[in-house]
Amino acid sequence: MEILNFIPIYNMGICLENNIYIKREDLLPFSFGGNKARKAFLFFEDIEKGQYDYVVTYGTSSSNHCRVVSNMAASRDIPCLIIGPEEKSQMTYNLKMMDLFGAKQIYVPVQEVHDRIEAEMEQLKKNGYHPYFIEGGGHGNIGTQAYVNCYQEICEFEKENGLHFDYIFFASGTGTTQAGLVCGQLLNHDKRKIIGISIARKNPRGRNVVLESIRSYLKYCNIDISEKDIENATIFLDQYTDEGYGSQNDEIQRTIHDVLIRYGIPLDPTYTGKAFYGMQEYLKTEKISGRNILFIHTGGTPLFFDYLNMVTEFKIIS
Ligand SMILES: *Cc1c(COP(=O)(O)O)cnc(C)c1O
């Protein structure tokens, strides 16, 4: 199955005194979509080109990346091995699907993950396989390329509809999605603010990882862009992380319920709900109004259902 050429952008109307649009990457047509599907399509092109016959990747039991990769591997009859930290292993819908797709899974203490991956790759080679390793979250230049492509789609949408987004917001984790969007902007010489809402990492590390991915991609493509332009284009906000990965305060929950009821769009507490909440807060505190704003829905729908399973009581929303 080929990736759809264009993932829709919808107008959510006026919200917080701005015109909010949403790009539904969660509707990418494979395994509940999301940014991990967009990245995985490119990784599997590389896998086919190199005639690899085994896929190894890393992630927790709630990883959207591991769900998509194990699904895509199974659909092509390629065996898949997932190595993850045992500390973060719990029953989730993503894990159930990894089981369903027949992915082999190994959970070890987090400090042993790196060595275990190397050992498993070696063993596979000894057993006659040609294994391919995908970094956790689809990190790396190929993952970055996926979001350069996404940025191109956004520019095409603007051209066709005669409008310009002043801001782009989204959930930033490993930073590959952000790196791709920023590289897209740098290649197009656009002026707008691309704002990654950190879901866990604090600065300076969080932003530095994004910067490293940007530099790595530009080098890989042999493109020369000044360090100053790269720095100026990289905005990574770490004030909405709450308690870190997977945490959810009352405001994030309220945002999730509100967006679901008013727009029929599911968000999750780890990524998209936190990012949407962060965007709202940022628009308020910075007193931004009358602008065209694009929110990128990066997926994670199975986490929305994990959230529903966990909630025992729904508070009334004002
Ligand atoms: C992984 C993920 C992100 C973060 O993407 P990065 O490229 O790692 O920054 C955001 N949203 C969802 C739903 C994800 O699964």
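Anyway, here's the lowdown on the structure attached to this text. Given the structure is predicted, the values throughout are model-derived calculations rather than measurements.

Applying the stated criterion across every chain, the model contains 13 aromatic pairs. A centroid spacing of 6.1 Å and a plane angle of 50 degrees characterise the contact between tyrosine 217 and tyrosine 220, whose relative ring orientation is tilted. Of this pair, tyrosine 217 and tyrosine 220 both sit in helix α7 (residues 205–220), three residues apart, which is roughly one turn of the helix. When the ring centre of tyrosine 271 is taken as origin, the NZ or CZ atom of lysine 36, which lies over that ring, is 5.5 Å away. Taking the ring centre of tyrosine 147 as reference, the NZ or CZ of arginine 38 above it sits at 5.5 Å.

Our next topic: the site of the ligand. In the region of the ligand, 15 residues are neighbours, and Lys36, Gly173, Thr174, Thr177 and Thr298 sit closest. Take lysine 36: an N or O atom from its side chain is 2.8 Å from an oxygen atom of the ligand. Residue asparagine 64 places a side-chain N or O atom 2.8 Å away from an oxygen atom belonging to the ligand. In the complex, the protein chains occlude 98% of the 390 Å² of accessible area that the ligand would expose alone. Placement of the ligand is best described as lying within the largest pocket. Where the shell around the ligand is concerned, the elements lending two or more residues are α1 (35–49), β7 (167–172) and α6 (176–188). Per-element tally for the shell around the ligand: the top contributor is α1, with three residues. For the shell around the ligand, a count of residues per class yields two nonpolar, 11 polar and two charged.

Now for a negative patch on the surface. A cluster of acidic residues, Glu86, Glu87, Glu112, Asp115 and Glu118, forms a negative patch on the protein surface. Secondary-structure assignment places glutamate 86 in the loop between β4 (80–85) and α3 (93–100).

Taken together, the side chains of Tyr93, Phe305, Leu308 and Phe314 define a hydrophobic patch exposed on the protein surface, amounting to about 350 Å² of accessible area. Take tyrosine 93: its relative accessible area is 30%, and that puts it in the partly exposed class.

What follows deals with the sheet that holds strand β8 (residues 193–198). Taken together, six strands build an open sheet; the order of strands is β1-β2-β10-β7-β8-β9 and the sheet is mixed. On the outer flanks of this sheet lie β1 (9–15) and β9 (235–237), each paired with one strand and no other. Between one strand axis and the next, the sheet turns by 25 degrees as a mean value, whatever way the strands run. When β8 meets β9, the two strands line up parallel, connected through three bridges. Residue pairing across strands places isoleucine 197 opposite leucine 237, the latter belonging to β9. Each of β1, β2 (18–24), β7, β8 and β10 (292–297) is contacted by helix α5 (residues 141–161), which is oriented at about 130 degrees to β2, the strand it contacts most.

Axes are the key here: two packed helices are described by the angle between their axes and the distance separating the axes. Between α5 and α7, whose axes approach to 10 Å, the crossing angle comes to 90 degrees. The orientation of α5 relative to α7 falls into the category roughly perpendicular. Taking contact as the criterion, the partners of Asn141, Ile142, Thr144, Gln145 and Val148 in α5 are, on α7, Ser213, Ser216, Tyr217 and Tyr220. Its residues assigned to classes, the contact of α5 with α7 shows four nonpolar, five polar and no charged.

Definitions and cut-offs
- Residues numbered from 1 in each chain as written.
- Predicted model: local features only at pLDDT ≥ 70, side-chain atom pairs only at ≥ 80, totals over all residues.
- Heavy atoms only, no water.
- Phe/Tyr/Trp six-rings, centres within 6.5 Å; stacked < 30°, edge-to-face > 60°.
- Helix = DSSP H or I, 4+ residues; strand = E, 2+ residues; numbered from the N terminus.
- Lys NZ or Arg CZ within 6 Å of the ring centre and 35° of its normal.
- Near = heavy atom within 4 Å.
- Polar contact = N/O pair within 3.5 Å; in protein donor to acceptor, adjacent residues only side chain to side chain.
- Areas by Shrake-Rupley, 256 points an atom, 1.4 Å probe, with all protein chains shown as cover.
- 1 Å grid on protein atoms, 1.4 Å probe; cavity = no way out; pocket = protein on both sides within 12 Å on 5 of 7 lines; lining within 4 Å.
- Sits in = over half its atoms within 2 Å of the grid points.
- Nonpolar A, V, L, I, M, F, W, Y, C, P; charged D, E, K, R; others polar.
- Patch = residues over 30% accessible without salt bridge, like charges linked within 9 Å, V, L, I, M, F, W, Y side chains within 5 Å.
- Salt bridge = Lys/Arg side-chain N within 4 Å of Asp/Glu carboxyl O.
- Lys, Arg positive; Asp, Glu negative; His and termini not counted.
- Charge placed at Lys NZ, Arg CZ, Asp CG, Glu CD.
- Buried < 20%, exposed > 50% of the residue type's maximum accessible area, 1.4 Å probe, protein only.
- Pairing = 2+ DSSP bridges.
- Axes fitted to C-alpha atoms, helices over the stretch in contact; angles between N-to-C directions.
- Contact = heavy atoms within 4.5 Å.
- Parallel < 35°, antiparallel > 145°, perpendicular 65-115°, else oblique.

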